Amino acid sequence: MTITEKKGSQLSYAFFVFYTLAIQAFIHPAAGALIETTEIRKGFSATPGHVNSEFQYLLADPTGLFAFGFMRVGPTKLNLAVVHLPSSLPVWSAIPSNLANWGRSTTLSFDGNLVLTDKSIHDGVLWSSNSTDGNFLVLRNTSNLQILFSSDENSAVWQSFDHPSDTLVQGQNFTSMVSLTTPDRRYALRIVGIHIGLFMEFGGRHEINYWRHSPFGAKGAIIYGIVQPLGFFGFYNADSSKAELLPFDSFDRGYLGLHRVTIQNDGNLHAYFWDNKKWDLVYTAVTEPCGLPGICGAYGLCLPGKPSCFCLVNGTDGCLQTDSGDFCSKEYSAFSVVRRSGVTVEYNELMLSARVQSLAECEKICERNCTCWGALYAKTTNVCYLMDYPIQTVEASGDTHQGYFKVRQQGGGGSAERHRAATAVSVIFTLVFAGFALYGGYWCWDKRRSNLLRLQLAGSSQEMTQTPFKDLRSMNT
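Quick summary incoming for the structure in this document.

What counts and what doesn't
- Residues numbered from 1 in each chain as written.
- Predicted model: local features only at pLDDT ≥ 70, side-chain atom pairs only at ≥ 80, totals over all residues.
- Heavy atoms only, no water.
- Pairing = 2+ DSSP bridges.
- Helix = DSSP H or I, 4+ residues; strand = E, 2+ residues; numbered from the N terminus.
- Axes fitted to C-alpha atoms, helices over the stretch in contact; angles between N-to-C directions.
- 1 Å grid on protein atoms, 1.4 Å probe; cavity = no way out; pocket = protein on both sides within 12 Å on 5 of 7 lines; lining within 4 Å.
- Points joined across faces, edges and corners; volume = space filled by probe spheres on them.
- Nonpolar A, V, L, I, M, F, W, Y, C, P; charged D, E, K, R; others polar.
- Phe/Tyr/Trp six-rings, centres within 6.5 Å; stacked < 30°, edge-to-face > 60°.
- Buried < 20%, exposed > 50% of the residue type's maximum accessible area, 1.4 Å probe, protein only.
- Lys NZ or Arg CZ within 6 Å of the ring centre and 35° of its normal.

## What about the sheet that holds strand E30 (residues 352-355)?
Turning to step 1, where the next piece is worked out: Read from one edge to the other, the open sheet built from five strands follows the order E28-E34-E31-E32-E30, with strand pairing classed as antiparallel. Bordering the open sheet on either side are strand E28 (335-341) and E30, each of which pairs with just one other strand. Sheet twist, expressed as the mean angle between neighbouring strand axes with direction ignored, is 20°.

## Topic: the layout of surface pockets
Turning to step 1, where the next piece is worked out: In this structure, the second largest pocket occupies an estimated 480 Å³ of space.
Turning to step 2, where the next piece is worked out: Taken together, 25 residues form the lining of the second largest pocket, with Asn79, Ser93, Asp166, Thr182 and Pro183 sitting closest to its centre.
Turning to step 3, where the next piece is worked out: The biggest single contributor to the lining of the second largest pocket is strand E6 (residues 89-93), with four residues.
Turning to step 4, where the next piece is worked out: Split by residue class, the lining of the second largest pocket holds eleven nonpolar, eleven polar and three charged.

## What to know about empty space enclosed by the protein
Turning to step 1, where the next piece is worked out: Taken as a whole and assessed by the stated rule, the structure comprises one cavity of 30 Å³ or more.
Turning to step 2, where the next piece is worked out: There is about 40 Å³ of room inside the largest cavity.
Turning to step 3, where the next piece is worked out: Considering the residues around the largest cavity, the lining is formed by Val91, Trp92, Ser143, Ser160, Phe161, Thr167, Val169 and Gln172.
Turning to step 4, where the next piece is worked out: For the lining of the largest cavity, the elements supplying multiple residues, two or more each, are E6 and strand E14 (167-169).

## As for the packing of aromatic side chains
Turning to step 1, where the next piece is worked out: For the coordinates displayed, the defined rule picks out twelve aromatic pairs.
Turning to step 2, where the next piece is worked out: Aromatic side chains tryptophan 127 and tryptophan 158 sit 6.0 Å apart centroid to centroid with 75° between the ring planes, which places their arrangement in the edge-to-face category. With tryptophan 127 in strand E10 (residues 125-128) and tryptophan 158 in strand E13 (residues 156-159), this pair connects stretches of sequence that are 31 residues apart.
Turning to step 3, where the next piece is worked out: Overall, the relative accessible area of 6% leaves tryptophan 158 in the buried class.
Turning to step 4, where the next piece is worked out: Taken together, the ring pairs in this structure connect Trp92, Trp127 and Trp158 into an aromatic cluster.
Turning to step 5, where the next piece is worked out: Here arginine 190 stacks its cationic end above the ring of phenylalanine 199, 4.0 Å away from the centre of that ring.

None of this, on its own, says anything about what the molecule does.
Following this line, the structure appears as structure tokens:
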């Protein structure tokens, strides 16, 4: 970073401090009155109260612009969050193993380690800072929540800036060691090598890299990125030289203000500028909604522009749902195939690809590869793009692409073999049962016939014994 840039950054920070003070004095004058606690000490504990409250304040920064506390999630759950008070927007939240209940069973305690527990949930501990030497918990006017060893602001043993959730605020470093993640952990923003990218994650090794930006001045791996109050996302090399300044729409407007970068629930990356009344959208990474892999869901078809959603494969409720995994195990190896012409994806250049001679060759590559879920064949270039992930939304295009998509058979692979075996067993059982039934019926009928015959013979003998000879004689006359 040059001397001029350093001076500009210092001036920007000074202006930001002035800006936050102005916000407290003029925009949000009651914030300081609402929250008096600016420091939490070792031994603190709290439980959620105020049943109708959306956010329970526990700690504020000195300017009253940000607050830390319990944030309601749905009607009965909560999470820990740092909230921008003028907009009530969370800029940081914990990522617990489970959401805690809003009730007396939940406790936030600080004994050097900040811990969220819920006695009504198995295992109890839902989230922890994993710090051991903390004595003070403070919130900076940058929204950075810190655990300090001493009153010295440089003695932090843990800070929220090192553990972002779905948002970066200006002044917060973004490195390859962390990621921005949506609350459902479905989408993530990461620095990988010299690229910054958006990923859709399925667990395990399956993921879709559907957006990538490569700073043009990168020298090897990027060390960090940082959102600047002047209105840009700066990326810097290991020697602190700038790799690129990615400008927002607010860049070079002649005034400073609070910026944030957030990965949205749909997987898009947006930058916002706070104009003292609302958050203005100043940057969008994926400008075509159909370029988002989950915009229409699994096996979805997106018509660009509006967008409008249709289904490649219908399910019981909307499009067919899919899951993670592959077709490599015998249990999950069986599949059917759906073909569709005129479909592609915005990010095909980021996919695995191979040059082929024909559509048939492209399909054969995917058919024989048990990790492949589908393929897109580009007719004009003879390139086969392979989908090594469960099928998501594809985009309608001209007739330049042909899609080949696997559909896992219900019940998993090998179901046809199991069905044939079950059918054979059923037939054999039916035949055996029918044989026993016929034999049993014949045996019962034969036994009954024999019994009737014995009764008839016995009756006839009795009549002959009891009837006098003379009567017999008279019967013959």
